[in-house]
Amino acid sequence: MPIKYLTPDARQTKEIRSSFDHIIYERKGSIAYVTLNRPEKLNALNTKLMAGFRAAMMEVEEDDEIRAVILTGAGRAFCSGFDIQKSDNHISDVSPNSVSGPADGSRTPIQGLVETFLTIWNCSKPVIAAVNGYALGGGCELAQICDIKIASDIAIIGEPSIRAGIGAPLLITPYSANLAKAKELLLTGDTVDAEEAARIGLVSRVVPHDQLMPHCEKVAKKICLLPKIGVRLTKNAVNHAIEEMGFLNAIRRNIELMTLFDNSTSPEREEFNAISEANGLRAALNWRDARFKALD
């Protein structure tokens, strides 16, 4: 039986609040639905999507009727990471894999990207990630920064960015998985299936694909029944506990390291870029993946 991928159109939307670039924003009662909407690009993060996402999160924060948020992706991916395809819509002014120039010049774009991710961390309402498919690189980090992470049984999750010579701008994986597994994922670029992701702490549970949204909505409805002040203060308290463990300091330090990373080069990155320039991004990705195929 073919897999039926979840789309926003499958939900009975009672109220549509706003429209943002590459974002479908809906409100159903006290639950907001934020859907990354570049399905033809597996919801890769580019400039317009990131700006739209930040605007949507501002809407969430300002709407007192909203008690919980469900974040997902249109089509067969949650988010495939940063868009490394050169185009007019490229994320070059915010993506850590494509900044150029002196270190001080690239620090601001990377910091802006991290701050956009942290709108979830700083949101007073709990954000539930409905991980409906691929969640890779920046998409993996976007899912992890959410308060509750529920994955479809077809989800693939990981941090393959290092295989393209790209660092992880939001250093959250060591706070989700245990240190040994976090280092293995970040240093090899390996990905894991949903069950392994749950076992090591990248997500909290795995559900059948066609039950993903009902499960997330059930959790959101529970949250909506709780005292608003209690939910807000509890999220704040848990976040503060993680921050006391050095989370925000680690992110700030990582911005500096990613700035150095992005202003350096390597034979692998040069080859990847040369193949992409001559034969297109798909050819470059095939070259990258072929190098690891026998080992994976």
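Notes on the structure in this doc start here.

About the criteria used
Residues numbered from 1 in each chain as written. Predicted model: local features only at pLDDT ≥ 70, side-chain atom pairs only at ≥ 80, totals over all residues. Heavy atoms only, no water. Phe/Tyr/Trp six-rings, centres within 6.5 Å; stacked < 30°, edge-to-face > 60°. Helix = DSSP H or I, 4+ residues; strand = E, 2+ residues; numbered from the N terminus. Buried < 20%, exposed > 50% of the residue type's maximum accessible area, 1.4 Å probe, protein only. Lys NZ or Arg CZ within 6 Å of the ring centre and 35° of its normal. Core = buried A, V, L, I, M, F, W, Y, C linked by side-chain atoms within 4.5 Å. Contact = heavy atoms within 4.5 Å. 1 Å grid on protein atoms, 1.4 Å probe; cavity = no way out; pocket = protein on both sides within 12 Å on 5 of 7 lines; lining within 4 Å. Points joined across faces, edges and corners; volume = space filled by probe spheres on them. Nonpolar A, V, L, I, M, F, W, Y, C, P; charged D, E, K, R; others polar.

With that settled, consider the packing of aromatic side chains. For the structure on display, the rule yields four aromatic pairs. Summarising the aromatic geometry, the rings of Phe 82 and Phe 117 are spaced 6.4 Å apart at their centres and angled 25° between planes, so their arrangement reads as stacked. You can see Phe 82 sitting in the loop between β5 (77–79) and α2 (103–122) and its partner Phe 117 sitting in helix α2, a full 35 residues away along the chain. We note that Phe 82, like Phe 117, is buried. Feature note: the residues Trp 121, Tyr 175 and Phe 247 constitute an aromatic cluster, connected by ring pairs. Positioned over the ring face of Phe 292 is Arg 163, at 4.1 Å from the centre of the ring.

Bringing the nonpolar core into the picture now. Nonpolar side chains tend to gather and get buried jointly when the protein is soluble and globular. Counting residues in each nonpolar core, the largest one holds 54 residues, and the members touching the most others are Leu 71 and Ile 157. In terms of residues, this core owes the most to one element, α2, which gives seven residues. Ignoring sequence-local partners within four residues, the contact set of Leu 71 consists of Val 34, Leu 36, Phe 53, Phe 78, Ile 120, Val 127, Ile 128, Ala 129, Ala 130, Leu 142 and Cys 146. Counting 16 residues, the second-largest nonpolar core is a separate cluster that includes Tyr 33, Ala 68, Ile 150 and Val 219.

Empty space within the largest pocket amounts to approximately 970 Å³. Around the largest pocket, the lining is made up of 33 residues, and of these Ser 80, Leu 136, Arg 282, Leu 285 and Arg 288 lie nearest the centre. Looking at the lining of the largest pocket, the elements that each hand over two or more residues are β7 (134–136) and α11 (281–293). Of all the elements, α11 adds the most residues to the lining of the largest pocket, at seven residues. For the lining of the largest pocket, the residue count by class is 13 nonpolar, nine polar and 11 charged. Here the second largest pocket is characterised by a volume of approximately 410 Å³. In terms of lining residues, the second largest pocket is bounded by 19 residues, among which Trp 121, Cys 146, Asp 147, Val 238 and Asn 239 are the most central. The set of elements that each furnish at least two residues to the lining of the second largest pocket consists of β8 (148–152), α4 (173–176) and α8 (228–244). Across the lining of the second largest pocket, the residue classes tally to 11 nonpolar, five polar and three charged.

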